[in-house]
Every structure is written in C-alpha cells, then in structure tokens.
Amino acid sequence: MANHKSSFKRIRQDKKRTLHNKYYAKTMRNAVRKLRAITDKEEAIKLYPSIQKMLDKLAKTNIIHKNKAANLKSGLTRHINQLA
C-alpha cells in the first residue's frame, strides 16, 4: 500500500479518471452498437456525424487509441455504404 501523501492522492485521482474514462468508453461502444443495428440508410447517415465526432474526441483525449477510432469510423462507413 502507498506510504506517501502524494501516492494517496494519485490513487484517488486514478479512481476518478478510471470511472470517467469507463463511462465515455461504454457510451461510445453503445453508440457504435446502435449505429451497426440500424438498417435504414438515411437514419444511419444522420447518426454517423455525431458518432464520428465522439470517436475523434475520445481519441484526442487518449481514452481510445487514434487507430482504433480510425478503424471504427472506417468500419461504420463501410456498414452505411452497404445499406440499401
């Protein structure tokens, strides 16, 4: 266990940040899942910009890796283009 005052603070901050990051990562996963479940192309096209923005923000703040964001955006675009 930690012995220094700064270590206790670091532990507190890490818990808070972990909770924050988990929330946004889970929200992102649910949004991606929701878009993949959509079968209507028009509805998917309307939803895509907000998800793209969310992925870019999470990549910028290092909650997810920038390549993961790029791969998800690419996959979602491919999904939208395959809808009839």
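From a predicted model like this one, the values you see are computed outputs, not experimental measurements.

J.: Which parts of the structure should I look at to understand the side chain of histidine 79?
T.: Along the chain, histidine 79 turns up in helix H3 (residues 66-82). Accessibility expressed as a relative area gives 19% for histidine 79, which makes it buried.

J.: I keep staring at the environment of glutamine 52 and nothing clicks. Help me out?
T.: Tracing the backbone through its elements, the reader meets glutamine 52 in helix H2 (residues 41-60). Along the chain, glutamine 52 and serine 6 lie 46 residues apart, while their C-alpha atoms are 38 Å from each other.

J.: Help me out: how do you make sense of the environment of isoleucine 45 in this one?
T.: As for its placement among the helices and strands, isoleucine 45 is situated in helix H2. Looking at isoleucine 45, the relative accessible area reads 41%, which means it is partly exposed. Note: C-alpha distance between isoleucine 45 and alanine 2 (43 residues apart in sequence) is 50 Å.

J.: Is there a simple way to think about the pattern of salt bridges in this case?
T.: If charged atoms from side chains of opposite charge come close, those side chains can pair. Counted according to the given criterion, the structure contains one salt bridge. For lysine 73, the salt bridge is made with aspartate 56, and the minimal N-O distance between the two is 2.6 Å. Note that lysine 73 is positioned in helix H3 and aspartate 56 in helix H2, a separation of 17 residues in sequence. Residue classification places lysine 73 among the buried positions, given a relative accessible area of 18%. For aspartate 56, a relative accessible area of 34% puts it in the partly exposed group.

What counts as what
- Residues numbered from 1 in each chain as written.
- Predicted model: local features only at pLDDT ≥ 70, side-chain atom pairs only at ≥ 80, totals over all residues.
- Heavy atoms only, no water.
- Helix = DSSP H or I, 4+ residues; strand = E, 2+ residues; numbered from the N terminus.
- Buried < 20%, exposed > 50% of the residue type's maximum accessible area, 1.4 Å probe, protein only.
- Salt bridge = Lys/Arg side-chain N within 4 Å of Asp/Glu carboxyl O.

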